Amino acid sequence: LKFLFGPCALPALDLVDQRSVTRVVSPSGRTVYQVLGSSGKLYTCYSSCHFCTCPAFDFTVLQKNESLLCKHILAVYLSQAMGACQELSVSEEQLTNILLAEDEEEG
């Protein structure tokens, strides 16, 4: 994994081991993932469009184009493959609030 994904592989595996990945699902089937980062901050990841709200994703993936993903996205993919995601069912309104909270933090 380290050969393929570089320095984010081991931290991503740590996140999986700590069961830090939660799959959040609404009744309509909309799904996002929340990852509790090593700093204690909660990041929202969208596996369907390969995006994470963390600063590392913004800087190394989007701005510098040095990597394909951050440790949070990799942890989501590994958790999916291993069946190691926590599950959380929320209402449509709760999911909307999760998504809007991310917009407020960014703006």
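Residues numbered from 1 in each chain as written. Predicted model: local features only at pLDDT ≥ 70, side-chain atom pairs only at ≥ 80, totals over all residues. Heavy atoms only, no water.

Caption draft 1: Seen up close, the pairing of strand β2 (residues 31–36). As paired elements, strand β1 (residues 21–25) and β2 share five bridges and run antiparallel to each other. Residue pairing across strands places V21 opposite V35, the latter belonging to β2. Between β1 and β2, which follow one another and run antiparallel, lie five residues, and G29 among them has a positive phi close to 95°. Sheet analysis places β2 next to strand β3 (residues 42–46), joined by four bridges and oriented antiparallel. By the bridge assignment for β3, V35 is matched with Y43. As consecutive antiparallel partners, β2 and β3 are separated by five residues, and within that stretch G40 has a phi angle of approximately 95°, a positive value. (Pairing = 2+ DSSP bridges. Helix = DSSP H or I, 4+ residues; strand = E, 2+ residues; numbered from the N terminus.)

Caption draft 2: Inspection of the environment of S20 at higher detail. Within the element layout of this structure, S20 appears in the loop between α2 (9–17) and β1. Classification of S20 by relative accessible area gives buried; the value is 8%. Placed 17 residues apart in sequence, S20 and F3 show a C-alpha to C-alpha distance of 23 Å. Dropping the residues within four chain positions of it, S20 is found in contact with L15, Q34, V35 and L36. (Buried < 20%, exposed > 50% of the residue type's maximum accessible area, 1.4 Å probe, protein only. Contact = heavy atoms within 4.5 Å.)

Caption draft 3: Just the UniProt feature "domain: SWIM-type" (unreviewed entry) in the protein chain, in detail. Sites flagged by UniProt as "domain: SWIM-type" (unreviewed entry) map to residues 43–81. Between the C-alpha atoms that bound residues 43–81 the distance is 20 Å, and the span itself is 51% helix and 15% strand. (UniProt positions renumbered as here; feature names shortened; annotations may be inferred.)

Caption draft 4: Here's a closer look at the nonpolar core. One finds V21, C45, C52 and L74 to be the most contacted residues of the largest nonpolar core, which totals 23 residues. Elements with a contribution of two residues or more to this core: α2, β2, β3, α3 (55–63) and α4 (71–82). Looking at this core, the element that brings in the most residues is α4, giving five residues. The next biggest cluster of nonpolar side chains, apart from the first, holds six residues, and it includes V24, Y46, L95 and I98. (Core = buried A, V, L, I, M, F, W, Y, C linked by side-chain atoms within 4.5 Å.)

Caption draft 5: Seen up close, the sheet that holds β3. Reading across the sheet, the five strands line up as β4-β3-β2-β1-β5 and stay open at both edges, with mixed pairing between neighbours. The strands lining the two open edges of the sheet, one partner per strand, are β4 (51–52) and β5 (86–89). Alignment of β1 against β5, held across four bridges, turns out to be parallel. Residue pairing in the sheet places V25 in a bridge with S89 of β5.

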